[in-house]
Amino acid sequence: MDFAVCIEQNYPSGGEACATELGLDWSNIEACTTDEQAAAKVSVANANVTAFADIPGTPTVFINGKQLSTTNALLYQVCNAYTGTKPAGCP
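The numbers attached to residues start from 1 for each chain and follow its sequence in the written order. Per-residue local features of the predicted model are confined to residues with pLDDT of at least 70, and side-chain atom pairs are confined, for both listing and counting, to 80 or more; whole-chain, interface and lining totals are unaffected and use all residues. As a rule here, side-chain values come from all non-hydrogen atoms in the structure, and water together with hydrogens is ignored.

Colleague: What is the right way to look at the state of the cysteines in this model?
Modeller: Sulfur atoms of two cysteines make up a disulfide when they are within 2.5 Å. Taken as a whole and judged by the stated rule, the model has two disulfides. At a sulfur-sulfur separation of 2.0 Å, the disulfide partner of Cys 6 is Cys 18. Note on the Cys 6 and Cys 18 pair: the S-S dihedral is about -85°, so by sign convention the disulfide is left-handed. Of the two residues, Cys 6 sits in helix α1 (residues 2-9) while Cys 18 sits in helix α2 (residues 15-21), which places them 12 residues apart along the sequence. For every residue, the accessible area obtained with a 1.4 Å probe (protein chains only) is divided by the maximum for its type, and the residue is called buried under 20%, exposed over 50%, and partly exposed between those limits. Under the relative-accessibility criterion, Cys 6 is labelled buried at 8%. Counting only cysteine sulfurs, Cys 18 is the nearest neighbor of Cys 32, a cysteine outside any disulfide, at a range of 16 Å. Numbering goes from the N terminus for both helices and strands, where a helix is a DSSP run of H or I of at least four residues and a strand is a run of E of at least two.

What follows is the structure, given as structure tokens:
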């Protein structure tokens, strides 16, 4: 989750810096994102999902069945909607 949060905060060019900061191997991540077979699988999955819902693209995020209009401050939106004891990662 830390990587996803970092990527969102530093989009679109922060991937390598986020990986380094978190001790992740950027070359493995980059290889996965540039692999043609992986890209084809993502395209098929995206087409399957969008065929069943009014989804303009990815990422499309739903919280409690309601589509978010933006993924800005996603962590805040998720934490705000969470009704249990807030996890340590919530602001």
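After that view, the rundown keeps rolling.
Colleague: Help me understand the environment of Gly 14 in this model?
Modeller: Residue placement: Gly 14 occurs in the loop between α1 and α2. Distance from Gly 14 to Phe 62, taken between C-alpha atoms, is 25 Å for residues 48 residues apart in sequence.

Colleague: Teacher, can you tell me more about the environment of Cys 90 here?
Modeller: Tracing the chain through its elements places Cys 90 in the segment after α5 (74-81). The class of Cys 90 is buried, set by a relative accessible area of 18%. Through-space distance from the C-alpha of Cys 90 to that of Gln 77 is 9.8 Å; in sequence the pair is 13 residues apart.

Interpretation note: all reported values are geometric properties and have no functional meaning in isolation.
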